[in-house]
Amino acid sequence: MSTSMYIVYFAIIMLLPLYAQMKVKGTYNKFAKERTMKGQTGAEVARAILDANGLYDVRVVPTQGVLSDHYNPATKTVALSESNFYEASIAGAAVAAHEVGHAIQHKEAYSMLTLRSKLVPIANISSNMSWIFVMIGIFSHLTNMLLLGIVLLAAGVVFQLVTLPVEFDASKRALVQMNSLGIITNEEERPARKVLSAAALTYVAAAAVAVLELLRLVLIFTNMRSDD
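Given the structure is predicted, the values throughout are model-derived calculations rather than measurements.

Each value, and the rule that gives it
Residues numbered from 1 in each chain as written. Predicted model: local features only at pLDDT ≥ 70, side-chain atom pairs only at ≥ 80, totals over all residues. Heavy atoms only, no water. Core = buried A, V, L, I, M, F, W, Y, C linked by side-chain atoms within 4.5 Å. Buried < 20%, exposed > 50% of the residue type's maximum accessible area, 1.4 Å probe, protein only. Helix = DSSP H or I, 4+ residues; strand = E, 2+ residues; numbered from the N terminus. Contact = heavy atoms within 4.5 Å. Phe/Tyr/Trp six-rings, centres within 6.5 Å; stacked < 30°, edge-to-face > 60°. Arc of directions from axis to C-beta. Pairing = 2+ DSSP bridges. Axes fitted to C-alpha atoms, helices over the stretch in contact; angles between N-to-C directions. Salt bridge = Lys/Arg side-chain N within 4 Å of Asp/Glu carboxyl O. Parallel < 35°, antiparallel > 145°, perpendicular 65-115°, else oblique. Left-handed = near helix turned anticlockwise from the far one by under 90°.

Caption draft 1: Quick look at the nonpolar core. The biggest cluster of nonpolar side chains holds 32 residues, and the ones touching the most others in it are Ile49, Leu50, Val60, Val78 and Met178. For this core, the secondary structure elements donating two or more residues are α1 (3–31), α2 (42–52), β3 (77–81), α4 (90–108), α6 (143–180) and α7 (186–227). In terms of residue count, α4 provides more of this core than any other element does, 10 residues in total. Among all residues touching Ile49, those that are not within four sequence positions of it are Ala97, Val100, Ile104, Gln177, Met178, Leu181 and Ile183.

Right under this line is the structure:
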């Protein structure tokens with residue numbers, strides 16, 4: 001890889017995640033100040049969608065942190081950051097609906113969510129171990145060790161790629177539910193969509209960086225093999 005290509009590569013892997021984080025924070029902060037016409041808190045939005053889909057056994061709880069919202073399938077819990085849980089805003093409603101979208105996926109055994117759940121333990125192991133083998137392989141010029149590191153890293157990349165349709169589908173479900181239940185008006189759909197799109201960008205950036213890093217290591221491996 002030439003010097004200019006390295007510069008472009010490092011610019012992408014450094015700037016793309018940074019841009020994604022700035023985009024999601026900027027969009028979220030903007031619409032966190034705009035109250036929905038119906039005035040429901042994030043907790044109320046989540047509860048309304050859950051009940052409408054027969055998910056009475058899924059709890060909605062507050063959690064500390066900013067944009068720390070998530071759905072835990074093991075405990076059947078939608079956890080919303082405190083600002084989204086207690087306050088009424090377009091951003092909070094969109095985030096709450098998105099997390100409930102994951103709960104609906106779980107109920108319906110959405111195939112990509114099931115696949116991602118199965119990949120979690122593999123991805124956790126690979127993310128912890130891959131770079132050990134990669135560094136040993138590169139610095140010791142051991143192609144087999146580098147190849148093992150690449151295979152482990154590839155498992156993490158697959159997890160990142162599988163995450164994309166899961167997140168996009170949850171956002172799609174969120175908009176459908178908010179519209180059908182009258183949680184947002186037609187005028188509020190566009191800003192809600194912007195919040196969801198900005199959030200999805202972080203997953204796209206993470207996947208893009210992971211793929212680029214994998215390709216770089218494959219190129220290094222190929223060059224090492226040709227030198228042997």
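Read on for the rest.
Caption draft 2: Just the packing of aromatic side chains, in detail. All told, the structure shown has one aromatic pair when counted by the stated rule. Measuring from centroid to centroid gives 4.7 Å for Phe85 and Tyr86, while their planes differ by 70 degrees, and the two rings are edge-to-face. Of the residues examined, Tyr86 reaches a relative accessible area of 53% and is grouped as exposed.

Caption draft 3: Spatial organisation of α2. Listed as buried for α2 are Gly42, Ala43, Val45, Ala46, Ile49 and Leu50. An end-on view of α2 places all buried positions within 160 degrees of arc, on one side of the element. Taken together, the buried residues of α2 touch β1 (59–63), β3, α3 (82–86), α4 and α6. Positive phi shows up at Gly54, right after α2, with a value of about 75 degrees.

Caption draft 4: Structural detail: the environment of Ser68. Summarising the element assignment, Ser68 is placed in the loop between β1 and β2 (70–72). Take Ser68: its relative accessible area is 22%, and that puts it in the partly exposed class. Along the primary structure Ser68 and Ser81 are separated by 13 residues, whereas in three dimensions their C-alpha atoms are 5.5 Å apart. Filtering out sequence-adjacent residues up to four positions away, Ser68 remains in contact with Thr63, Ala79 and Ser81.

Caption draft 5: Broad picture of the side chain of Arg116. Assignment of secondary structure puts Arg116 in helix α5 (residues 111–139). Apart from the residues lying within four places of it in its own chain, the contact partners of Arg116 are His102, Phe159, Val162, Thr163, Val166 and Glu167.

Caption draft 6: Inspection of the sheet that holds β3 at higher detail. If you trace the three strands from one edge of the open sheet to the other, you get β1-β3-β2, paired in mixed fashion. Each having just a single partner strand, β1 and β2 make up the two edges of the open sheet. Neighbouring strand axes in the sheet, compared pairwise and without regard to direction, differ in orientation by 25 degrees on average. Direction of pairing for β1 relative to β3: parallel, over a ladder of five bridges. In the strand pairing of β3, Val61 is matched with Ala79. Relative to β1, α2 is tilted by about 160 degrees, and along the sheet it contacts β1 and β3. Sheet contacts for α4: β2 and β3; angle to β2, the most-contacted strand, approximately 25 degrees.

Caption draft 7: Broad picture of the pattern of salt bridges. Enumeration over the complete set of coordinates arrives at seven salt bridges. With a shortest N-O distance of 2.7 Å, Glu189 and Arg193 are connected by a salt bridge. Of this pair, Glu189 and Arg193 both sit in helix α7, four residues apart, roughly one helical turn. Overall, Arg193 belongs to the partly exposed group, its relative accessible area being 40%.

Caption draft 8: Structural context of the packing of α4 against α6. Viewed as axis vectors pointing N to C, α4 and α6 meet at an angle of 110 degrees, and their least axial separation amounts to 7 Å. Between α4 and α6, the interaxial angle falls into the category roughly perpendicular. In the packing of α4 onto α6, the handedness of the crossing is right-handed. Residues Ala93, Ala94, Ala97, His98, Gly101, His102, Ile104, Gln105 and Glu108 of α4 form the contact with α6, whose participating residues are Val166, Glu167, Asp169, Ala170, Ser171, Arg173, Ala174, Gln177 and Met178.

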